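# Coordinate analysis (summary)
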Amino acid sequence: MQKNQVRKAVIPVAGFGTRLFPATKVVKKELFPIIDRDGRAKPVIIAIIEEAISAGITEVGIVVQPHDREIFEDLLKKPPKKELLKKLSPQNQEYSRYLEDLGSKITFLLQEEQLGYGHAVFCAKDWVQDEPFLLMLGDHVYASDIQKSCASQLLDVYEQVNQSVVSLTTKPAEILHTAGCVTGVWQKLNSILEVTQLYEKPTIEYAQQHLRVEGMADNDFLCIFGLYLLSPKIFDFLAEHINQNLRERGEFQLTSSLDRLCQEEGITGYVVKGKCFDTGLPDTYRQTMIDFRNF
Ligand code: UTP
């Protein structure tokens, strides 16, 4: 294996999905249906796995709550019942075989206690080992503006810069309280950024003082798009935060460890040529249902 070859992707899906309560009391948000460009209804997690595979990823680790494992296994590791299979259209029978192939690339990893996104990523440490890996949020799906998929664009940048890469998109100040935000210095205007700071859910005042990026409109900031290419060094910082019980809003977050990684090894930001669709809130999910199909 080449030193900087990326083979593995991690997708944490062990959260409670409180913002989609009570739907998430019975269905994990990562299993909510969306409709893709081909008009096929599929659970969000499948669109995310497909995004990873499109970038040449060959192994996918999905971090689940122990008692959700079975339902994800039913979807990803078991063929449909014979009675169902024979009723499917030829196209859906073929898709079902393709799903079995996807399933063979998947490993389930457990997060016993729901201690936050950063903690869920840490649960993948032993599986990832000492390799760079693609990290993907479990409630975002993507559509590229160009031939290459969004994840594939990220891997290309990683190959060029050979350090961790976070995907970025521009967002208005009013919604910064929902996003991870970054600042830095353009290496290539509006495309590649040397990241100098990452900050989770800043207030507008904080962002205006500390997170402005040269050349961007007053009301625009760079926010994390939901895909990350990370050096395994991230696990050292997550371990430190967990061992020292350094929580934010009661949970172990990823962004503060990313900021440490940035100070120690450097992080490149990349403004993805594409769109990211959030499925984690009622109205963003509703909009994703409409826009993902038509993109
Ligand atoms: P979110 O920040 O969206 O948290 O997690 P959540 O619990 O799923 O949803 P809300 O905020 O309560 O509505 C980002 C990703 O990290 C996973 C989630 O499943 C989601 O894909 N996650 C979060 C975990 O795997 N474990 C956790 O303890 C928290």
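Residues numbered from 1 in each chain as written. Predicted model: local features only at pLDDT ≥ 70, side-chain atom pairs only at ≥ 80, totals over all residues. Heavy atoms only, no water.

Looking at an unreviewed UniProt entry, one finds the protein named UTP--glucose-1-phosphate uridylyltransferase, with Nostoc flagelliforme FACHB-838 as its source organism. Heading Sequence similarities (unreviewed entry) of the UniProt record for the protein holds this comment: "Belongs to the UDPGP type 2 family." According to UniProt, the comment filed for the protein under the heading Catalytic activity (unreviewed entry) is "alpha-D-glucose 1-phosphate + UTP + H(+) = UDP-alpha-D-glucose + diphosphate". (UniProt positions renumbered as here; feature names shortened; annotations may be inferred.)

Scanning the protein from N- to C-terminus turns up 12 helices and 13 strands. When its C-alpha atoms are laid out on the principal axes, the protein stretches across 60 × 45 × 40 Å. Counting all 295 residues of the protein, 52% fall into the buried class. Partitioning the intrachain contacts of the protein with sequence separation of at least 6 by distance along the chain shows that 74% fall at a separation of at least 24. In the form shown here, the protein has an accessible surface area of approximately 14300 Å², with 49% of it arising from carbon and sulfur atoms. In the protein, which carries 33 positive and 40 negative side-chain charges, the distance between the mean positions of the two groups comes to 6 Å. (Helix = DSSP H or I, 4+ residues; strand = E, 2+ residues; numbered from the N terminus. Buried < 20%, exposed > 50% of the residue type's maximum accessible area, 1.4 Å probe, protein only. Contact = heavy atoms within 4.5 Å. Areas by Shrake-Rupley, 256 points an atom, 1.4 Å probe, with all protein chains shown as cover. Lys, Arg positive; Asp, Glu negative; His and termini not counted. Charge placed at Lys NZ, Arg CZ, Asp CG, Glu CD.)

Let's shift gears to the site of the ligand. Around the ligand, the surrounding shell holds 19 residues, and the nearest of these are Pro12, Ala14, Thr18, Glu30 and Gln111. Here an oxygen atom of the ligand and a backbone polar atom of Ala14 are 2.8 Å apart. A distance of 3.1 Å is found between an oxygen atom of the ligand and a backbone nitrogen or oxygen belonging to Phe16. Relative to its unbound accessible area of 560 Å², the ligand is 85% covered by the protein chains. (Near = heavy atom within 4 Å. Polar contact = N/O pair within 3.5 Å; in protein donor to acceptor, adjacent residues only side chain to side chain.)

Next up on the list: the packing of aromatic side chains. What characterises a pair of aromatic rings is the spacing of the ring centres plus the angle enclosed by the ring planes. Inspection of the entire model under this criterion finds eight aromatic pairs. Relative to Tyr228, the ring of Tyr117 lies with its centre 6.5 Å away and its plane at 50°, an arrangement referred to as tilted. Placement of Tyr117 in helix 6 (residues 117–122) and of Tyr228 in strand 11 (residues 220–230) is noted, with a sequence separation of 111 residues between them. Plain terms: the ring middles of Phe133 and Phe235 are 5.3 Å apart, the flat faces sit at 10° to each other, and that makes the pair stacked. One end of the pair, Phe133, is in strand 6 (residues 133–136); the other, Phe235, is in helix 10 (residues 234–243), and 102 residues separate them in sequence. Pair check on accessibility: Phe133 and Phe235 agree, each one buried. Through pairs of rings, three or more aromatic residues link up here, namely Phe277, Phe292 and Phe295. The ring centre of Phe292 lies 4.8 Å from the NZ or CZ of Arg37, which sits over that ring. (Phe/Tyr/Trp six-rings, centres within 6.5 Å; stacked < 30°, edge-to-face > 60°. Lys NZ or Arg CZ within 6 Å of the ring centre and 35° of its normal.)

This brings us to the environment of Leu109. Within the secondary structure, Leu109 is located in strand 5 (residues 106–110). Exposure remark for Leu109: the relative accessible area of 10% places this residue in the buried category. When the C-alpha atoms of Leu109 and Val64 are compared, they prove to be 6.2 Å apart, with 45 residues separating the residues in sequence. Apart from residues lying up to four places away in sequence, Leu109 is in contact with Gly61, Ile62, Val63, Val64, Cys123, Ala124 and Trp127.

The UniProt record annotates "domain: Nucleotidyl transferase" (unreviewed entry) at residues 8–288. Strand forms 28% of residues 8–288 and helix 36%; the C-alpha atoms that close the span are 27 Å apart.

Helical geometry note: an α-helix holds 3.6 residues per turn, so side chains three or four residues apart project in the same direction. Most of helix 2 (residues 44–54) sits out of view: nine of its 11 residues are buried. Within helix 2, burial applies to Val44, Ile45, Ile46, Ala47, Ile48, Ile49, Glu50, Glu51 and Ala52. Just downstream of helix 2, Gly56 is the residue with a positive phi angle, here 90°.

Buried residues dominate strand 4 (residues 59–64), accounting for five of its six residues. Across five bridges, strand 1 (residues 8–12) lies against strand 4 in parallel orientation. In the sheet register, Ile11 faces strand 4, and the bridge partner there is Ile62. In terms of strand pairing, strand 4 meets strand 5 through five bridges, oriented parallel. Following the sheet pairing, Ile62 is matched in strand 5 by Phe108. (Pairing = 2+ DSSP bridges.)

Take the layout of surface pockets next. Roughly 1400 Å³ of internal volume is contained in the largest pocket. In terms of lining residues, the largest pocket is bounded by 50 residues, among which Arg19, Leu137, Asp139, His140 and Thr178 are the most central. The set of elements that each furnish at least two residues to the lining of the largest pocket consists of helix 6, strand 8 (164–172), strand 11, strand 13 (274–278) and helix 12 (282–294). Among the elements that make up the lining of the largest pocket, the one with the highest residue count is strand 13 (five residues). Grouping the amino acids of the lining of the largest pocket by side-chain chemistry returns 18 nonpolar, 20 polar and 12 charged. (1 Å grid on protein atoms, 1.4 Å probe; cavity = no way out; pocket = protein on both sides within 12 Å on 5 of 7 lines; lining within 4 Å. Points joined across faces, edges and corners; volume = space filled by probe spheres on them. Nonpolar A, V, L, I, M, F, W, Y, C, P; charged D, E, K, R; others polar.)

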